[in-house]
Amino acid sequence: MSDTVAAISTPLGEGGIGVIRISGAGSRAVLERVFRPGKGGAALREGADDFSGRRMRYGRVVDPESGDTLDEVLAVFMKGPRTYTGEDTAEIHCHGSAAALRRVLTLTLREGARLAEAGEFTKRAFLNGRLDLAQAEAVIDLIRAKTDTTFDAAIRQLDGSLSRRVKNLRDRLTDLLALVAANLDYPEEDVETLAPRDLAEHLSSISDEIEKLNATSHTGRIVREGLRAVIAGKPNVGKSSLLNALLRESRAIVTDVPGTTRDLIEEGVSLRGIPIRFVDTAGIRETEDPVELLGVAASGDAIARSDLILFVLDAGRPLDEADSHVLSHIGDRRFIAVLNKDDLPARVREEELLAWLASFGVGSAGLRDLGPSDAGARDLAEGPIAVVRTSMKEGRGISDLEDALESFVFQGGAPPSGESALVTNVRHADLLEKSLSEIGDGLAAARRGEAIDLVEIGLRRAWELLGEITGETAGADIVEEVFARFCLGK
Ligand code: GDP
């Protein structure tokens, strides 16, 4: 990878500035051919260290063949290896128009650079040992982050929070493997003997640790990809009003005529820093109307693809068959019961709701308070995960609903912070899962008192799987796949 690559690293559009990045052994040569310092446009002095100390220099990009000035710029050269890619790197800060960036890029390509592939700068950083694979993946997440929680999780991953946990697990496996190998190779010698019971103990402790890490992937996936929450309920219970309140802007139609929201309305928001995509479904009801049937079918699909359902009920009227029809669509999926219209006199009480749910076989065991700020939102072990009372008319209950959503995302705990590692990436979760199963097999064998060489294979495999997270044991195909998801210029 000794060739020199260049790309536009800022988005193409209009902006104050746009940056061209060049990396590789020839960076300085390319920069010197296209850059003329100051206003005069004289070539850089031969041998003079015009770019020492990584100082930004003002000047022009001039086509050395035609002598034409292409743009007025600032440029900097950074000697490797203490750069992002680990190689010599240059940046040219042009005016942020597509025209300026394209012509300057084209010139650098003519003067010795090759167009960088998507993610190639970060891939070079990985191959040069500046970042491990999990850290490189955090870079994509940083670029794509739309909310604070997503960004914070990516920053911690870039900082190595996940990599350190994985490394620690692999170190423990290495120690154990050494012990196993010593026992296999020199059983008669004076080595620390490994009784099956001790082996099982070691394995079970490592397995617990992996499980703990893996348990963060529920929150992690939502933090990275967003929570899909479907708003479901019979017509006229206040679904659109609820969506509006959640979005804090009026986009969904609010009317008195049942069944007007036939098409699904989807809105992505950042709620307390959590990315959430709300889907407002058509009112689900039994109908013969073919158009409405399509809406009901779309709602069913949306429910099936959701992480969580906001099941909206009218607290002003007795629960009825139309509600149970919606419940049948929800099936065994997790939901928050939203008792809306809590301002009306004939209010459905929580006990009534729970008894009603129980009559359809939906459990409500494990009711417990969410904490000192409990204001109606409750956590249930099965059936609804919370019951929240709201009045869209009086603007009440939205923050309780937000509490319940937050509690679902963070599984009742606080948003992760500081050193805590969060598994946000499905690739990592999958590898943790597989390594758990390898260690689980080894553990079972050890518990049965089987020969330790049987256990060794699983241990080695788990060690390799964990290494794929940080990239130490990842093959070229995995590396290619990871970087293929990057954008140009990163
Ligand atoms: P959807 O069909 O479920 O989407 O329900 P809408 O949001 O369109 O609301 C239906 C009707 O109920 C509208 O007239 C709303 O103004 C009214 N509504 C919504 N929420 C409340 C509430 O909390 N209290 C009262 N009294 N009326 C509400």
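As the structure is a computational prediction, the values presented were derived from the model and not from experiment.

Calculation criteria
Residues numbered from 1 in each chain as written. Predicted model: local features only at pLDDT ≥ 70, side-chain atom pairs only at ≥ 80, totals over all residues. Heavy atoms only, no water. Helix = DSSP H or I, 4+ residues; strand = E, 2+ residues; numbered from the N terminus. Buried < 20%, exposed > 50% of the residue type's maximum accessible area, 1.4 Å probe, protein only. Contact = heavy atoms within 4.5 Å. Areas by Shrake-Rupley, 256 points an atom, 1.4 Å probe, with all protein chains shown as cover. Lys, Arg positive; Asp, Glu negative; His and termini not counted. Salt bridge = Lys/Arg side-chain N within 4 Å of Asp/Glu carboxyl O. Polar contact = N/O pair within 3.5 Å; in protein donor to acceptor, adjacent residues only side chain to side chain. Axes fitted to C-alpha atoms, helices over the stretch in contact; angles between N-to-C directions. Parallel < 35°, antiparallel > 145°, perpendicular 65-115°, else oblique. Left-handed = near helix turned anticlockwise from the far one by under 90°. Nonpolar A, V, L, I, M, F, W, Y, C, P; charged D, E, K, R; others polar. Pairing = 2+ DSSP bridges. Phe/Tyr/Trp six-rings, centres within 6.5 Å; stacked < 30°, edge-to-face > 60°.

Visitor: Quick question: what am I supposed to make of the overall build of the protein chain here?
Guide: A tally of regular secondary structure across the protein chain gives 16 helices and 15 strands. Residues counted as buried form 51% of the 490 residues belonging to the protein chain. For the protein chain, restricting intrachain contacts to residue pairs at least 6 apart in sequence, the fraction spanning at least 24 positions comes to 68%. As displayed, the protein chain offers around 22,900 Å² of accessible surface, 50% of which is attributable to carbon and sulfur atoms.

Visitor: Explain the side chain of Asp132 to me, please; I cannot follow it from the model alone.
Guide: Among the structural elements, Asp132 can be located in the loop between helix H3 (120-127) and helix H4 (133-144). The side chain of Asp132 is buried and forms no salt bridge, while Arg427, the nearest opposite charge, is found at 7.6 Å. Within the structure, the side chain of Asp132 is placed 3.0 Å from the backbone nitrogen of Ala134, a separation counted as a polar contact. There is a polar contact of 2.7 Å between the side chain of Asp132 and the side chain of Ser163. If we skip the residues at most four places from it in the chain, Asp132 touches Phe126, Ser163 and Thr470.

Visitor: Can you walk me through the packing of helix H14 (residues 426-447) against helix H15 (residues 452-470) in this structure?
Guide: For any two helices packed against each other, one specifies the inter-axial angle together with the distance between the axes. Between H14 and H15, the shortest axis-to-axis distance is 8 Å and the interhelical angle comes to 165 degrees. Overall, the two elements H14 and H15 adopt an arrangement that is roughly antiparallel. Relative to H15, H14 is oriented so that their crossing is left-handed. Here Arg427, His428, Leu431, Leu432, Lys434, Ser435, Glu438, Ile439, Gly442, Ala445 and Ala446 of H14 lie close against H15, whose contacting residues are Val455, Gly458, Arg461, Ala462, Leu465, Leu466, Glu468 and Ile469. Split into classes, the residues belonging to the contact of H14 with H15 amount to 10 nonpolar, four polar and five charged.

Visitor: Would you explain the sheet that holds strand E9 (residues 265-271) in this entry?
Guide: Taken in spatial order, the six strands of this open sheet run E9-E10-E8-E11-E12-E15, and their pairing is mixed. At either end of the open sheet lies a strand with only one pairing partner, and these are E9 and strand E15 (384-389). Put simply, the sheet's adjacent strands are angled 25 degrees from each other on average, direction ignored. Two elements, strand E11 (residues 308-314) and strand E12 (residues 335-340), share six bridges in a ladder whose sense is parallel. Residue pairing across strands places Ile309 opposite Phe335, the latter belonging to E12.

Visitor: Could you clarify how one ought to interpret the pairing of strand E6 (residues 89-97) in this entry?
Guide: Regular strands place side chains that alternate from one sheet face to the opposite one. The buried fraction of E6 amounts to seven of the nine residues, a majority that puts the element mostly inside the structure. Sheet analysis places strand E2 (residues 14-23) next to E6, joined by nine bridges and oriented antiparallel. Looking across to E6, one finds that Arg21 is bridged to Glu91. One ladder, built from five bridges, connects strand E5 (residues 69-78) with E6; its direction is antiparallel. Looking across to E6, one finds that Ala75 is bridged to Ile92.

Visitor: Please explain unusual backbone geometry as it appears in this structure.
Guide: A negative phi angle characterises most non-glycine residues, just as the trans form characterises most peptide bonds. Residue Pro81 is bonded to the preceding Gly80 through a cis peptide linkage, with omega at 5 degrees. Its place among the elements puts Pro81 in the loop between E5 and E6. Even without a glycine there, the phi angle at Asn236 is positive, about 75 degrees. Note on placement: Asn236 falls in the loop between strand E8 (227-232) and helix H9 (239-247). Despite not being glycine, Arg272 has its phi angle at roughly 50 degrees, a positive value. Position of Arg272 among the secondary structure elements: in the loop between E9 and strand E10 (274-280).

Visitor: Honestly, the environment of Gly489 in this entry has me stumped. Any pointers?
Guide: Residue placement: Gly489 occurs in the segment after helix H16 (476-484). Residues contacting Gly489, with those up to four places away along its chain left out, are Ala7, Ile8, Ser9, Arg21 and Phe121.

Visitor: Is there a simple way to think about the packing of aromatic side chains in this case?
Guide: Each pair of aromatic rings is reported with the distance of its centres and the angle of its planes. Considering all chains together, one arrives at four aromatic pairs under this definition. Geometrically, the ring pair formed by Phe311 and Phe335 is edge-to-face, given 5.7 Å between the ring centres and 75 degrees between the ring planes. Residue Phe311 is found in strand E11, and its partner Phe335 is found in strand E12; the two are separated by 24 residues along the sequence. On the basis of relative accessible area, Phe335 is assigned to the buried category, the value being 1%.

Visitor: Looking at this structure, I do not really get the side chain of His93. What am I missing?
Guide: The topology assignment puts His93 in strand E6. Owing to a relative accessible area of 17%, His93 belongs among the buried residues under this scheme. In this structure the side chain of His93 is engaged in a polar contact, spanning 2.9 Å, whose partner is the side chain of Glu91.

Visitor: Just checking my understanding: could you explain the pattern of salt bridges for this structure?
Guide: Side chains that differ in charge, positive against negative, can pair when their charged atoms come close. Scanning the model with the defined rule gives 38 salt bridges in all. Between Glu120 and Arg124 there is a salt bridge, with its nearest N and O atoms 3.2 Å apart. With Glu120 and Arg124 both in helix H3 and four residues apart, this pair spans about one turn of that helix. For the pair Glu120 and Arg124, a shared accessibility class is recorded, and that class is buried. Taking the shortest distance from any N to any O, the salt bridge between Arg272 and Asp403 comes out at 2.7 Å. Within this pair, whereas Arg272 is found in the loop between E9 and E10, its partner Asp403 is found in helix H13 (residues 398-409), the two being separated by 131 residues in sequence. When salt bridges with common partners are traced through the structure, they connect Asp3, Glu87, Arg114, Glu120 and Arg124 into a single cluster.

The analysis is restricted to geometry; functional conclusions fall outside its scope.
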